[in-house]
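# Fold and contact review
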Amino acid sequence: METRFTINISLQGPGGKITYGKFSLGRDKKEASEIFSHLKGSAENTSGRSLKIEFIEEIMGLPIPIGTINCCLDELKENIAIISREIFRIAHLENGNIDY
């Protein structure tokens, strides 16, 4: 069974949820979960935190949400830096690539 992990970034607008960013984290659940655990934000949906970051497990192409945090724009900036740094570390420094 083919499993992949992603982080989706969305904004709740007047017309509904708008997903505008997606990071592929590969197939290693431990590594993907570790990256998600470092992200800043809150599980609660509070005012000023209108951006949603969803941790998704895709099994045979079907998305299954396994974690969600809400963040503000400043936290999103930090989260994108964290995700990018971790993907770079895994792909280039540890094992040569991320298995997609």
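Scroll up for the structure.
A short tour of the structure in this document, coming up.

### Concerning the packing of aromatic side chains
Applying the stated criterion across every chain yields a total of two aromatic pairs. Centroid distance Phe36 to Phe55: 5.0 Å. Interplanar angle 15 degrees. Geometry classified as stacked. Taken together, the positions of Phe36 in helix H1 (residues 29-37) and Phe55 in strand S3 (residues 51-59) put the pair 19 residues apart, joining distant regions of the chain. Pair check on accessibility: Phe36 and Phe55 agree, each one buried. A network of ring pairs unites the aromatic residues Phe5, Phe36 and Phe55 as a single cluster.

### Re unusual backbone geometry
Unlike most non-glycine residues, Met60 shows phi in positive territory, near 50 degrees. For Met60, the position within the fold is in the loop between S3 and strand S4 (62-71).

### Overview of the sheet that holds S3
Judged by pairing direction, the sheet is antiparallel, and its four strands sit side by side in the order S2-S1-S3-S4 without closing on themselves. Of all the strands in the sheet, the pair left with one neighbour each is strand S2 (16-26) and S4. Across this sheet, the average inter-strand angle for adjacent strands is 25 degrees, counted without regard to direction. As judged from the nine bridges shared by S3 and S4, these two strands associate in the antiparallel manner. Of the residues in S4, the one forming a bridge with Glu54 is Thr68. Set on the sheet, H1 makes contact with strand S1 (3-13), S2, S3 and S4; between it and S3 the angle comes to about 175 degrees.

How each quantity is defined
- Residues numbered from 1 in each chain as written.
- Predicted model: local features only at pLDDT ≥ 70, side-chain atom pairs only at ≥ 80, totals over all residues.
- Heavy atoms only, no water.
- Phe/Tyr/Trp six-rings, centres within 6.5 Å; stacked < 30°, edge-to-face > 60°.
- Helix = DSSP H or I, 4+ residues; strand = E, 2+ residues; numbered from the N terminus.
- Buried < 20%, exposed > 50% of the residue type's maximum accessible area, 1.4 Å probe, protein only.
- Pairing = 2+ DSSP bridges.
- Axes fitted to C-alpha atoms, helices over the stretch in contact; angles between N-to-C directions.
- Contact = heavy atoms within 4.5 Å.

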